[in-house]
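# Coordinates in review
Below are the chains, spelled out letter by letter.
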Amino acid sequence: MAGLFITATDTEVGKTVITGAIAAALRGRGCDVGVMKPVASGGVADRMGNIMAEDAAFLMQAAGIDSEESRLVNPVCLAPALTPAVAAAISGVTINIQDFITSFQQLTQLHNPVIVEGVGGIVAPLWKKYTVADLMAELALPVIVVVRPNLGTINHTVLTVEYGRSRGLDIAGIIINGWKQDHAGILETSNEEYIKEMTGLPILGKFPYAPGISVPKGKTAGLAQLAEEHLQMDAIIEVIRGRKEL
Ligand SMILES: Nc1ncnc2c1ncn2[C@@H]1O[C@H](COP(=O)(O)OP(=O)(O)O)[C@@H](O)[C@H]1O
Ligand SMILES: [Mg+2]
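Residues numbered from 1 in each chain as written. Chains lettered and ligands numbered in written order. Predicted model: local features only at pLDDT ≥ 70, side-chain atom pairs only at ≥ 80, totals over all residues. Heavy atoms only, no water.

The protein chain is annotated in an unreviewed UniProt entry as ATP-dependent dethiobiotin synthetase BioD from Pelosinus baikalensis. Among the UniProt annotations of the protein chain, the heading Cofactor (unreviewed entry) holds the following wording: "Mg(2+)". According to the UniProt record, the Pathway (unreviewed entry) comment for the protein chain reads "Cofactor biosynthesis; biotin biosynthesis; biotin from 7,8-diaminononanoate: step 1/2." (UniProt positions renumbered as here; feature names shortened; annotations may be inferred.)

On to the overall build of the protein chain, then. Within the protein chain, the secondary structure is distributed over 10 helices and 12 strands. The C-alpha atoms of the protein chain give a radius of gyration of 17 Å, which matches the 18 Å a tight globule of 246 residues would have. Each principal axis of the C-alpha distribution contributes one length, and for the protein chain these read about 50 × 40 × 40 Å. Residues classed as buried in the protein chain amount to 53% of the 246 residues present. When contacts within the protein chain are restricted to residue pairs at least 6 apart in sequence, those whose partners lie at least 24 apart make up 79%. Just so you have it, the protein chain exposes about 11400 Å², and 51% of that area is on carbon and sulfur atoms. Side chains of the protein chain carry 19 positive and 25 negative charges; the gap between the two charge centres is 3 Å. (Helix = DSSP H or I, 4+ residues; strand = E, 2+ residues; numbered from the N terminus. Rg over C-alpha atoms; globule rule 2.2 N^0.38 Å. Buried < 20%, exposed > 50% of the residue type's maximum accessible area, 1.4 Å probe, protein only. Contact = heavy atoms within 4.5 Å. Areas by Shrake-Rupley, 256 points an atom, 1.4 Å probe, with all protein chains shown as cover. Lys, Arg positive; Asp, Glu negative; His and termini not counted. Charge placed at Lys NZ, Arg CZ, Asp CG, Glu CD.)

Okay, the sheet that holds strand β10 (residues 143-147) next. Strand order across the open sheet formed by 6 strands is β2-β7-β1-β10-β11-β12, with parallel pairing between neighbours. The sheet terminates laterally at β2 (34-36) and β12 (203-208), the two strands that pair on one side only. Between one strand axis and the next, the sheet turns through 20° on average, direction left out of account. In this sheet, strand β7 (residues 114-117) lies alongside strand β1 (residues 3-8) in parallel orientation, the contact comprising 4 bridges. Paired with Phe5 across the bridge in β7 is Val116. (Pairing = 2+ DSSP bridges. Axes fitted to C-alpha atoms, helices over the stretch in contact; angles between N-to-C directions.)

In this section: the site of ligand 1. Around ligand 1, the structure places 17 residues, and the nearest of them are Glu12, Thr16, Pro208, Ala210 and Val215. Val13 has a polar backbone atom sitting 3.2 Å from an oxygen atom of ligand 1. In the complex, 85% of the free accessible area of ligand 1, which totals 560 Å², lies under the protein chains. Here the element with the most residues in the shell around ligand 1 is helix α1 (residues 15-28); it accounts for 3 residues. For the shell around ligand 1, the class distribution of residues is 9 nonpolar, 5 polar and 3 charged. (Near = heavy atom within 4 Å. Polar contact = N/O pair within 3.5 Å; in protein donor to acceptor, adjacent residues only side chain to side chain. Nonpolar A, V, L, I, M, F, W, Y, C, P; charged D, E, K, R; others polar.)

Under the UniProt annotation, the feature "binding site: substrate" (unreviewed entry) is placed at Ser41. Here Ser41 shows up in the loop between β3 (39-40) and β4 (44-45). In contact with Ser41, not counting residues within four places along its chain, are Leu78, Pro80, Leu82, Pro84 and Ala87.

A few words now on the pattern of salt bridges. Counted under the stated rule, the structure contains 10 salt bridges. In this structure, Asp134 and Arg167 form a salt bridge, with 2.6 Å as the shortest nitrogen-oxygen distance. Taken together, the positions of Asp134 in helix α6 (residues 132-139) and Arg167 in the loop between α7 (153-166) and β11 (171-179) put the pair 33 residues apart, joining distant regions of the chain. Put simply, Glu238 and Arg241 hold a salt bridge, and the shortest N to O gap is 3.1 Å. Placement of the pair is Glu238 and Arg241 together in helix α10 (residues 233-241), with a separation of 3 residues, close to one helical turn. Classification of Glu238 by relative accessible area gives partly exposed; the value is 48%. Accessibility expressed as a relative area gives 32% for Arg241, which makes it partly exposed. (Salt bridge = Lys/Arg side-chain N within 4 Å of Asp/Glu carboxyl O.)

What follows is about the environment of Ile176. Topologically, Ile176 is positioned in strand β11. Assessed through its relative accessible area of 2%, Ile176 is described here as buried. Aside from chain neighbours lying at most four places away, what touches Ile176 is Val147, Arg148, Pro149, Glu192, Ile203, Gly205, Lys206 and Phe207.

To continue, consider the packing of α7 against helix α8 (residues 186-199). At a minimum axis separation of 10 Å, α7 and α8 run at an interaxial angle of 20°. The angle between α7 and α8 falls in the class roughly parallel. Relative to α8, α7 is oriented so that their crossing is right-handed. Listed contacts from α8 to Thr153, Ile154, Thr157, Val158, Val161 and Arg165 of α7 are Asn191, Tyr194, Ile195, Met198 and Thr199. Of the residues that constitute the contact of α7 with α8, the class distribution is 6 nonpolar, 4 polar and 1 charged. (Parallel < 35°, antiparallel > 145°, perpendicular 65-115°, else oblique. Left-handed = near helix turned anticlockwise from the far one by under 90°.)

Here it is as structure tokens:
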């Protein structure tokens, strides 16, 4: 099964935008790509009272996935904007990790590859003491870490990469999101250099701040082109492919 897991140094760093951008670019190249957001919190109720995950809606739109698949794409959506383990507990919901694995396996029967967006950062608790890193290990997917361009990012990035490695995860590269080329000075360029040097990982792209893209507003137009221009899509495909057929 070919796939990829997208994590980040924190919440709100750009996991959804980058997962959507990679999915849109793969779709543009003719791949039947699938997407997954195993658990979302901070879901909002639609007019029918169903709790909807913005992230899943954005990813499905970017990848061109039919709404019939939404239960597989996002098996668990919780209303409180809290880490999933706590959001579930206070909502009286029991999270069964096996559901995530089963849904992922079903998605791989329908699509190839399947790109999975994590939740928060690498050690966000999903259920009791089971974290995002545990899920990454169980799914056995290569991992890309999305990071910020600004102050503090060296520390967050190196900690995330080293923790992932300590768990035996296949951390394949870094994507810097929210890059503003016209404003990139010593801070941004030295951050990029330090991150490369200290992690020994490739920077698989610097994705620009693009005001036309929005997760809450469901704006995905132009994502594929931005990904082709600013992400190293060939290298990302190599990561996904590993020894697997794509
Ligand atoms: N490159 C970008 N250009 C414009 N807006 C962005 C970009 N990356 C993220 N955003 C916005 O910033 C917010 C956080 O991004 P998101 O991808 O949802 O982060 P995460 O999934 O890590 O929580 C969203 O509102 C999203 O629309
Ligand atoms: Mg997200």
